[in-house]
Amino acid sequence: MSAQSVLTEARPLVIAVDGPSGSGKSSVSKEVARRLGLEYLDTGAMYRAATWSVIESGVDLEDAVKVAEHVRNLDLTMATDPSAPGVWVAGHDVNEAIRETRISTVVSKVATNLDVRAELLKRQRELIAAGRDGVHQGCVAEGRDITTVVAPDADVRILLTASEEARLARRSKELHGNADAASVEATRDQIVRRDSDDSTVSNFEVAADGVLHLDSSALDFEQTVDAVLAAINRIVTGSVTDLDEHARAGAVS
Ligand SMILES: Nc1ncnc2c1ncn2[C@@H]1O[C@H](COP(=O)(O)OP(=O)(O)O)[C@@H](O)[C@H]1O
Ligand SMILES: Nc1ccn([C@H]2C[C@H](O)[C@@H](COP(=O)(O)OP(=O)(O)O)O2)c(=O)n1
């Protein structure tokens with residue numbers, strides 16, 4: 001049975017993926033959406049874009065009321081094509097700027113502002129429901145609170161985790177080109193401290209009731225994509241596929 005066969009539902013399919021930093025949720029969700037012909041929503045990019053805009057406009061990051069007011073008025077555009085995802089603030093392409101370390105270091109200040117979360121929650125639900133160009137097969141949305149808050153009634157809900165060691169090594173390779181001791185140390189703030197701050201407002205460490213837990217520590221990227229596709233197939237169609245072998249290898253619980 002092909003991955004495409006899950007698209008037999010009359011209504012759009014919603015896949016929710018949460019996980020800590022470096023677990024692979026962005027890259028894996030994007031590839032899963034691409035293979036299934038679904039939209040892809042990177043909700044972390046929305047918090048990053050909000051942070052970029054707050055800084056750019058000179059609003060004090062410590063002033064929670066002003067930050068929330070700024071975000072309520074934010075002119076934010078998200079492109080949800082998984083082959084060409086993008087983020088714009090007031091027409092300005094911020095896709096690269098929002099990944100800079102200066103944003104990663106402070107994004108949790110904005111993401112832990114509950115009024116900001118209420119505003120972005122509303123926009124995320126609208127984006128998940130919107131489709132693209134009048135066509136809507138469904139959406140893979142990923143972040144920290146998609147399975148629990150944004151889309152608790154999604155067709156498939158997955159918590160994608162990996163050991164701290166694996167996540168540090170992955171992010172270190174991505175940012176510094178290798179995972180030697182110095183590079184891993186330089187990455188620690190972006191993984192460990194940020195997850196600790198973010199976990200004060202979202203639960204992305206333990207799978208909530210009905211959420212499938214997939215540990216990718218021992219899987220490479222392709223195996224993780226296959227395990228997610230297998231889980232989607234199994235849950236949506238109730239069928240067993242070849243891809244389930246990866247899940248049976250011990251990654252899924
Ligand atoms: N299963 C995996 N094995 C090895 N590397 C992976 C795996 N999944 C993702 N990666 C890589 O790890 C890095 C972090 O992945 P990313 O998708 O950005 O994580 P997250 O969105 O959870 O922070 C990226 O360079 C990605 O290509
Ligand atoms: N649904 C979400 C998505 C992201 N966030 C927060 C948590 C993170 O610190 C920032 C950026 O998220 P992003 O997924 O880009 O972070 P990674 O660097 O991929 O781990 O936003 C959130 O609080 N809720």
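What you see is a predicted model; the values in this text were computed from it and never measured. (Residues numbered from 1 in each chain as written. Chains lettered and ligands numbered in written order. Predicted model: local features only at pLDDT ≥ 70, side-chain atom pairs only at ≥ 80, totals over all residues.)

Trainee: So what's going on with the overall build of the chain? Residues and values would help.
Mentor: Each helix and strand counted, the chain has 10 helices and 8 strands in total. Computed over the C-alpha atoms, the radius of gyration of the chain is 18 Å, within 12% of the 18 Å expected from 2.2 N^0.38 for a compact globule of 253 residues. By its C-alpha atoms, the chain is 55 × 50 × 30 Å across when sized along the principal axes. In the chain, which comprises 253 residues, the share counted as buried stands at 44%. Restricting to contacts in the chain with at least 6 residues of sequence separation, those with at least 24 account for 73%. (Helix = DSSP H or I, 4+ residues; strand = E, 2+ residues; numbered from the N terminus. Rg over C-alpha atoms; globule rule 2.2 N^0.38 Å. Buried ≥ 20, exposed ≤ 12 C-beta atoms within 10 Å, placed from the backbone. Contact = placed C-beta atoms within 7 Å.)

Trainee: Outline the UniProt feature "binding site: ATP" (unreviewed entry) in the chain, listing residues and values.
Mentor: UniProt records the feature "binding site: ATP" (unreviewed entry) for G19, P20, S21, G22, S23, G24, K25, S26 and S27 in the present numbering. With respect to the secondary-structure elements, P20 resides in the loop between β1 (13-18) and α1 (25-36). A tally of 22 C-beta atoms within 10 Å means that P20 is categorised as buried. Not counting residues within four places of it along the chain, the set of residues in contact with P20 comprises T161, R167, D195, F204 and E205. Structurally, the position occupied by S26 is in helix α1. For S26, a count of 20 C-beta atoms within 10 Å corresponds to the buried category. Once residues within four sequence positions are removed from consideration, S26 is found in contact with D42, G44 and E142. (UniProt positions renumbered as here; feature names shortened; annotations may be inferred.)

Trainee: Would you mind going over the site of ligand 1 in detail, with residue names and values included?
Mentor: As a matter of local geometry, ligand 1 sits amid 17 residues, with G24, S26, S27, R170 and E174 nearest to it. Broken down by secondary-structure element, the contributors of at least two residues to the shell around ligand 1 are α1, α7 (164-176) and α9 (221-237). When residues of the shell around ligand 1 are assigned to their parent elements, the largest contribution, 4 residues, is made by α1. The class makeup of the residues in the shell around ligand 1 is 3 nonpolar, 9 polar and 5 charged. (Near = placed C-beta within 6 Å. Nonpolar A, V, L, I, M, F, W, Y, C, P; charged D, E, K, R; others polar.)

Trainee: Go over the UniProt feature "domain: Cytidylate kinase" (unreviewed entry) in the chain with me, naming the residues and quoting the values.
Mentor: Feature annotation in UniProt assigns "domain: Cytidylate kinase" (unreviewed entry) to the following positions: residues 15-233. For the annotated span residues 15-233, helix accounts for 51% and strand for 16% of the residues, and the straight-line distance between the end C-alpha atoms is 11 Å.

Trainee: Tell me about the site of ligand 2, residues and numbers included.
Mentor: Ligand 2 sits among 17 residues. The nearest are S21, G44, Y47, A111 and G143. Looking at the shell around ligand 2, the elements with two or more residues in it are α2 (43-56), α4 (101-111) and α8 (181-198). It is α2 that provides the largest number of residues to the shell around ligand 2, a total of 5 residues. Split into classes, the residues belonging to the shell around ligand 2 amount to 5 nonpolar, 7 polar and 5 charged.

Trainee: Describe the sheet that holds β1, naming the residues involved and giving the relevant values.
Mentor: In space, the 5 strands of this open sheet follow the order β2-β6-β1-β7-β8, with parallel pairing throughout. Either end of the sheet is taken by a strand with one partner, and the two such strands are β2 (39-42) and β8 (212-215). Each strand axis lies, on average, 20° off the axis of its neighbour in the sheet, ignoring direction. Here 4 bridges tie β1 to strand β7 (residues 156-161), and the two strands are oriented parallel to one another. (Pairing = 2+ DSSP bridges. Axes fitted to C-alpha atoms, helices over the stretch in contact; angles between N-to-C directions.)

Trainee: Describe in detail α4, supporting the description with residues and values.
Mentor: For α4, every residue scored as buried is listed here: S104, V107, S108, V110 and A111. Seen from one end, α4 has its buried residues packed into an arc of 160°, which puts them on one side. (Arc of directions from axis to C-beta.)

Trainee: Requested: an account of the sheet that holds strand β3 (residues 76-79), with residues and values cited.
Mentor: Reading across the sheet, the 3 strands line up as β3-β4-β5 and stay open at both edges, with antiparallel pairing between neighbours. Only two strands of the sheet have a single neighbouring strand rather than two, namely β3 and β5 (92-93). Taken together, the 4 bridges between β3 and strand β4 (residues 86-89) define a ladder with antiparallel strand orientation. Pairing of L76 across the sheet is with V89, part of β4. Relative to the sheet, α2 contacts β3 and β4, its axis offset from that of β4 by approximately 30°.

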